[in-house]
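Breakdown of the fold
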Amino acid sequence: MVIQSFDNLHDNKVLNYCIDFKLQTLHMDTQTEAGKTVSIHFSGLLAHWFKNVIQDNILFDMDEITVEGFFQQYKNLLDEAIPYGFPACCNIEELRQKMEQEKIRVFVIGSSLGLCGFVLAQEVELSER
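Residues numbered from 1 in each chain as written. Predicted model: local features only at pLDDT ≥ 70, side-chain atom pairs only at ≥ 80, totals over all residues. Heavy atoms only, no water.

Looking now at the overall build of the chain. Within the chain, the secondary structure is distributed over 3 helices and 9 strands. The order of helices and strands in the chain, counted from the N terminus, is β-β-β-β-β-β-α-α-α-β-β-β. Relative to its length of 129 residues, the chain is compact, with a C-alpha radius of gyration of 14 Å against a globular reference of 14 Å. With respect to the three principal axes, the spread of C-alpha positions in the chain is 45 × 25 × 25 Å. Buried residues in the chain amount to 41% of all 129 residues. (Helix = DSSP H or I, 4+ residues; strand = E, 2+ residues; numbered from the N terminus. Rg over C-alpha atoms; globule rule 2.2 N^0.38 Å. Buried < 20%, exposed > 50% of the residue type's maximum accessible area, 1.4 Å probe, protein only.)

As structure tokens, this is what we get:
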């Protein structure tokens with residue numbers, strides 16, 4: 001189910017995140033315990049779902065998982081949300097087809113404190129400064 005893990009995010013504090021719906025991007029800045037900034041930039045954004053967002057969010061990890069794993073792990077959420085247009089389309093099969101056609105990848109964000117959820121996007125890029 002896990003395709004790859006992004007280990008350099010463990011215990012990073014989330015400084016901010018910003019979504020540009022027109023450009024289909026989500027940008028998140030995090031800070032390591034040593035004070036370095038690690039930026040996460042998602043492009044080709046289809047949707048995101050975050051819960052438990054608080055003032056001092058601390059990440060546990062981020063994994064890219066298979067699309068099939070996404071449909072298994074988030075079945076209940078999708079069953080409830082699809083009729084209201086989230087994350088897209090009208091039913092599960094159309095969403096599956098859209099994700100395949102547009103090469104949408106699934107990034108699951110785990111939490112040590114606060115923010116967790118997923119991002120559906122074509123690409124992700126991490127940079128450190």
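A separate point is the nonpolar core. Soluble globular proteins: nonpolar side chains tend toward being buried together. The biggest cluster of nonpolar side chains holds 18 residues, and the ones touching the most others in it are Met-28, Phe-42, Met-62, Ile-109 and Val-119. Breaking this core down by element, the ones donating at least two residues are β3 (25–31), β4 (37–43), β6 (58–65), β7 (105–113) and β8 (116–121). No other element matches the 3 residues that β4 contributes to this core. Excluding anything up to four places from it in sequence, Phe-42 contacts Gln-24, Thr-25, Leu-26, Met-62, Phe-107, Val-119, Ala-121, Glu-123 and Val-124. Counting residues in hydrophobic clusters, the runner-up holds 17 residues, among them Phe-70, Leu-77, Ile-104 and Val-106. (Core = buried A, V, L, I, M, F, W, Y, C linked by side-chain atoms within 4.5 Å. Contact = heavy atoms within 4.5 Å.)

As a further point, take helix α3 (residues 92–101). Regarding α3, its N-cap is Asn-91, as a side-chain oxygen of that residue lies 3.0 Å from the backbone nitrogen of Glu-93 further along. Lys-103 occupies a position one or two residues after α3 and carries a positive phi of about 55 degrees. (Polar contact = N/O pair within 3.5 Å; in protein donor to acceptor, adjacent residues only side chain to side chain.)

On to the packing of aromatic side chains. For any pair of aromatic rings, the description consists of the separation of the ring centres together with the inter-plane angle of the planes. Taken as a whole and judged by the stated rule, the model has 10 aromatic pairs. Judged by centre distance (6.0 Å) and plane angle (75 degrees), the rings of Trp-49 and Tyr-74 are edge-to-face. Of this pair, Trp-49 sits in strand β5 (residues 47–51) while Tyr-74 sits in the loop between α1 (67–73) and α2 (75–81), and the two are 25 residues apart along the sequence. Residue Trp-49 is classed as partly exposed on the basis of its relative accessible area, which comes to 23%. Among the residues examined, Tyr-74 registers a relative accessible area of 10% and is labelled buried. Through pairs of rings, three or more aromatic residues link up here, namely Trp-49, Phe-70, Phe-71, Tyr-74, Phe-86 and Phe-118. Directly above the ring of Phe-71 sits Arg-96, whose terminal nitrogen or CZ lies 4.2 Å from the centroid. (Phe/Tyr/Trp six-rings, centres within 6.5 Å; stacked < 30°, edge-to-face > 60°. Lys NZ or Arg CZ within 6 Å of the ring centre and 35° of its normal.)

As far as function goes, none of this settles anything; it's purely spatial.
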